[in-house]
Amino acid sequence: MKTLVLATHNKGKIKELTALLDGLVPEIKTAEDLRLIEPPEYGTTFIENATMKAVTAMRACGYACLADDSGLSVNALNGEPGVYSADWAGHPRDFKMAMNLVNDKLGDASDRSAYFTSVLALAFPDGRVETFEGRVNGTLCWPPRGLEGFGYDPIFIPQGHDKTFGEMLLEEKQGMSHRAFATEKLVEYIKNNNH
Ligand code: ITT
């Protein structure tokens, strides 16, 4: 594989994926570089949405395309916002509002456990699609802490740590994130299959 397109319009994901995939393929392009549209997401699972985003982009540009569908699932909220994590931030995206919404819905619930999931879908020009999933467990804190990362990072403390993802520099988050774990599987697949 000479060129891989990151089929996402999320700047936080682009920063993380670009660093995680460093050295894997000669050229990485983004959806923005190729002016690819941002398709509406009607799926009810991360796998469905990730696959749809990767295939839509691949059909539009002809290169191998990698999409990420991800989100925060809160156990006391029956897994919400989950696949709707971006929707909770409205238009234009406002993650302060989304984090407030999570905290309001949680109220005084004693169970503050949550997890991030990332599903990466890799769509090849010949129509094949492979998916890879990563997950990180943690707890939610309030108020939000830290200015690093993106999205819900300032309220998420990964298991076994004291800092939120919002208080971690990129390299530290990459050592334990859902996206990093999914990417590890993807990299292994690419290396084992000579792509
Ligand atoms: P693309 O579809 O263009 O990739 P998006 O932001 O719409 O961008 P999703 O539909 O996958 O992406 O929405 C996932 C949301 O979950 C995302 O907007 C983040 O706010 C949140 N999220 C995912 N991974 C996260 C992470 O590592 N840290 C914080 N929030 C995250």
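Going by the structure above, here's the rest.
These numbers come from a predicted model, not from an experiment.

Undergrad: Just to check I follow, could you spell out the pattern of salt bridges for this structure?
TA: If the charged atoms of two oppositely charged side chains come close together, the side chains can form a pair. Enumeration according to the criterion identifies 11 salt bridges in this entry. One salt bridge in this structure joins D68 and K13, with 3.0 Å as the shortest N-O distance. Residue D68 is located in strand β3 (residues 64–74), and its partner K13 is located in helix α1 (residues 11–20); the two are separated by 55 residues in the primary sequence. Across the salt bridge formed by E27 and K29, the nearest N and O atoms sit 3.5 Å from each other. Accessibility expressed as a relative area gives 32% for E27, which makes it partly exposed. Among the charged side chains, a network of salt bridges with common partners joins K13, E16, D68, D153, K173 and R179.

Undergrad: What's the story with the packing of aromatic side chains in this structure? I'm lost.
TA: To describe a pair of aromatic rings, you give the distance between the ring centres and the angle between the ring planes. The final tally for this structure, using the stated rule, is 5 aromatic pairs. On the numbers, 6.1 Å between centres and 15 degrees between planes, the contact of F116 with F165 is stacked. You can see F116 sitting in strand β4 (residues 113–123) and its partner F165 sitting in the loop between β6 (156–158) and α4 (170–174), a full 49 residues away along the chain. Neither F116 nor F165 differs from the other in exposure class; each is buried. An aromatic cluster is defined as three or more aromatic residues linked by ring pairs; in this entry it consists of F116, F156 and F165. Directly above the aromatic system of F124 lies the positively charged group of R128, at a separation of 4.3 Å from the ring centroid. Lying over the aromatic face of Y115, R135 brings its terminal NZ or CZ to 3.5 Å of the ring centre.

Undergrad: Looking at this model, I keep getting lost on the nonpolar core. Mind explaining?
TA: Within soluble globular proteins, side chains that are nonpolar tend to cluster in buried spots. Formed by 19 residues in total, the largest nonpolar core has its most connected members in L72, V74, L140, Y152 and F156. Among the secondary structure elements, those contributing two or more residues to this core are β3, α3 (95–106), β4 and β5 (129–140). Here this core takes 4 residues from α3, the largest share from any one element. Contact partners of F156, with chain neighbours within four places excluded, come to L72, A114, Y115, F116, V136, N137, G138, T139, L140, K163, T164 and F165. Core analysis: the second largest hydrophobic core is formed by 17 residues, L17, L66, F132 and Y189 among them.

Undergrad: In this structure, what is going on with the side chain of Q174? I would like to understand it.
TA: Mapped onto the elements of the fold, Q174 is located in helix α4. Beyond its immediate chain neighbours, meaning those up to four positions away, Q174 contacts E16, A19, L20 and A180.

Undergrad: What should I look at first to understand the sheet that holds strand β2 (residues 27–30) in this one?
TA: Paired through backbone hydrogen bonds, the strands of a sheet run either parallel or antiparallel to each other. Reading across from one edge, β2-β1-β3-β4-β5-β6 is the order of the 6 strands in this open sheet, with mixed pairing throughout. The sheet is open, and its two borders are formed by β2 and β6, each paired with just one other strand. Between one strand axis and the next, the sheet turns through 35 degrees on average, direction left out of account. Across 10 bridges, β3 lies against β4 in antiparallel orientation. Bridge pairing in β4 places C65 opposite A123. Each of β1 (3–6), β2, β3 and β4 touches α1; the most contacted strand, β3, lies at about 120 degrees to it. Strand contacts of helix α5 (residues 178–192): β3, β4 and β5, with the helix running at about 155 degrees to β5, the strand carrying the most contacts.

Cut-offs and rules
Residues numbered from 1 in each chain as written. Predicted model: local features only at pLDDT ≥ 70, side-chain atom pairs only at ≥ 80, totals over all residues. Heavy atoms only, no water. Salt bridge = Lys/Arg side-chain N within 4 Å of Asp/Glu carboxyl O. Helix = DSSP H or I, 4+ residues; strand = E, 2+ residues; numbered from the N terminus. Buried < 20%, exposed > 50% of the residue type's maximum accessible area, 1.4 Å probe, protein only. Phe/Tyr/Trp six-rings, centres within 6.5 Å; stacked < 30°, edge-to-face > 60°. Lys NZ or Arg CZ within 6 Å of the ring centre and 35° of its normal. Core = buried A, V, L, I, M, F, W, Y, C linked by side-chain atoms within 4.5 Å. Contact = heavy atoms within 4.5 Å. Pairing = 2+ DSSP bridges. Axes fitted to C-alpha atoms, helices over the stretch in contact; angles between N-to-C directions.

Functional significance is not addressed by these values, which are geometric in nature.
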